Amino acid sequence: MKKLALFITAILITSASFAQDYSVEEVEIVQNLFGLEKKAIIEGNIDLKGVDTEAFWALYEEYEVTRKKLGKEKIDLLHQYSTIATITNEEVEMLMKKAIPLRNSEDALIEKYYKKIKNATNAIVAAQFYQIERYISDGIRFTILNNMCFVQDKK
């Protein structure tokens, strides 16, 4: 897990800079690199012995497609927030109407694929997937929150 923590830290430092200024191509490059590193972590930390590995990887790839879409939405939302110097009630409301459903969608996605992976493999493999995804997701959330301005600093 130490390797995983270092990986998350490196990705987050890169991701935090994207909230300030980014292009679609840059986001795709970072997401692809992130995806490759993340897949290596999954391979190294999930025990697939005795289960249908093809089913697991098919579901994992399916999961990643949706996760990347949500990631792009999160980066867009962070960019919108970071470009506002002085925020109004209306702007906060608009951002929150996007932020809350986005977070719920991310959480629901991991839960949905936990269930799918459990049905295709077993509960242990699914729990390992869930733990790693939660660890990475929560690490990203913490780093973003730790590095962004609070609303009261934009008044």
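See above for the structure.
(A) Spatial organisation of the packing of helix α3 (residues 53–82) against helix α4 (residues 89–120). With their axes 10 Å apart at the nearest point, α3 and α4 run at an angle of 170° to one another. Looking at the two axes, α3 sits roughly antiparallel to α4.

(B) Seen up close, the nonpolar core. Membership of the largest hydrophobic core comes to 28 residues, with the highest contact counts inside it found for Ile42, Ile46, Leu48, Phe56, Ile117, Val125 and Phe129. Of all elements in the fold, only α2 (24–45), α3, α4 and α5 (123–147) reach the threshold of two or more residues within this core. The element contributing the most residues to this core is α3, with 8 residues. Once you skip the residues sitting within four places of it in the chain, Val125 turns out to touch Ile46, Asp47, Leu48, Val51, Phe56 and Ile117.

(C) α5, seen in detail. The first and last C-alpha atoms of α5 sit 36 Å apart over 25 residues, in line with the 36 Å expected at 1.5 Å per residue. In this structure Asn122 caps α5, since a side-chain oxygen of it lies 3.0 Å from the backbone nitrogen of Ile124.

(D) Main features of α4. Relative to the 46 Å expected for 32 residues at 1.5 Å per residue, α4 spans 46 Å between its end C-alpha atoms, a close match to the ideal helical length. Contacts made by the buried residues of α4 are with α3 and α5.

(E) Inspection of the pattern of salt bridges at higher detail. Summed over the entire model, instances satisfying the criterion amount to 14 salt bridges. Glu61 is the salt-bridge partner of Lys39, the closest N and O atoms lying 3.2 Å from each other. Taken together, the positions of Lys39 in helix α2 and Glu61 in helix α3 put the pair 22 residues apart, joining distant regions of the chain. Overall, the relative accessible area of 27% leaves Lys39 in the partly exposed class.

(F) Up close: the packing of aromatic side chains. The final tally for this structure, using the stated rule, is 7 aromatic pairs. With a centroid separation of 6.2 Å and 15° between ring planes, the pair formed by Phe56 and Tyr60 is classed as stacked. A residue pair is termed a helical-turn pair when its members lie 3 or 4 positions apart in one helix, as Phe56 and Tyr60 do in helix α3 at 4 residues. There is no split in this pair, since Phe56 and Tyr60 are both buried.

(G) Expanded view of the packing of α4 against α5. Contact pair α4 / α5: the axes reach a minimum separation of 8 Å and the direction vectors enclose 160°. In terms of orientation, α4 lies roughly antiparallel with respect to α5. The crossing of α4 and α5 is right-handed. On the side of α4, the interface is formed by Arg103, Glu106, Asp107, Ile110, Tyr113, Tyr114, Ile117 and Lys118, while α5 contributes Ala123, Val125, Ala126, Ala127, Phe129, Tyr130, Glu133, Arg134, Ser137 and Arg141. Of the residues belonging to the contact of α4 with α5, the class tally is 10 nonpolar, 1 polar and 7 charged.

Rules and cut-offs
Residues numbered from 1 in each chain as written. Predicted model: local features only at pLDDT ≥ 70, side-chain atom pairs only at ≥ 80, totals over all residues. Heavy atoms only, no water. Axes fitted to C-alpha atoms, helices over the stretch in contact; angles between N-to-C directions. Helix = DSSP H or I, 4+ residues; strand = E, 2+ residues; numbered from the N terminus. Parallel < 35°, antiparallel > 145°, perpendicular 65-115°, else oblique. Core = buried A, V, L, I, M, F, W, Y, C linked by side-chain atoms within 4.5 Å. Buried < 20%, exposed > 50% of the residue type's maximum accessible area, 1.4 Å probe, protein only. Contact = heavy atoms within 4.5 Å. Expected span 1.5 Å × (residues − 1). Polar contact = N/O pair within 3.5 Å; in protein donor to acceptor, adjacent residues only side chain to side chain. Salt bridge = Lys/Arg side-chain N within 4 Å of Asp/Glu carboxyl O. Phe/Tyr/Trp six-rings, centres within 6.5 Å; stacked < 30°, edge-to-face > 60°. Left-handed = near helix turned anticlockwise from the far one by under 90°. Nonpolar A, V, L, I, M, F, W, Y, C, P; charged D, E, K, R; others polar.

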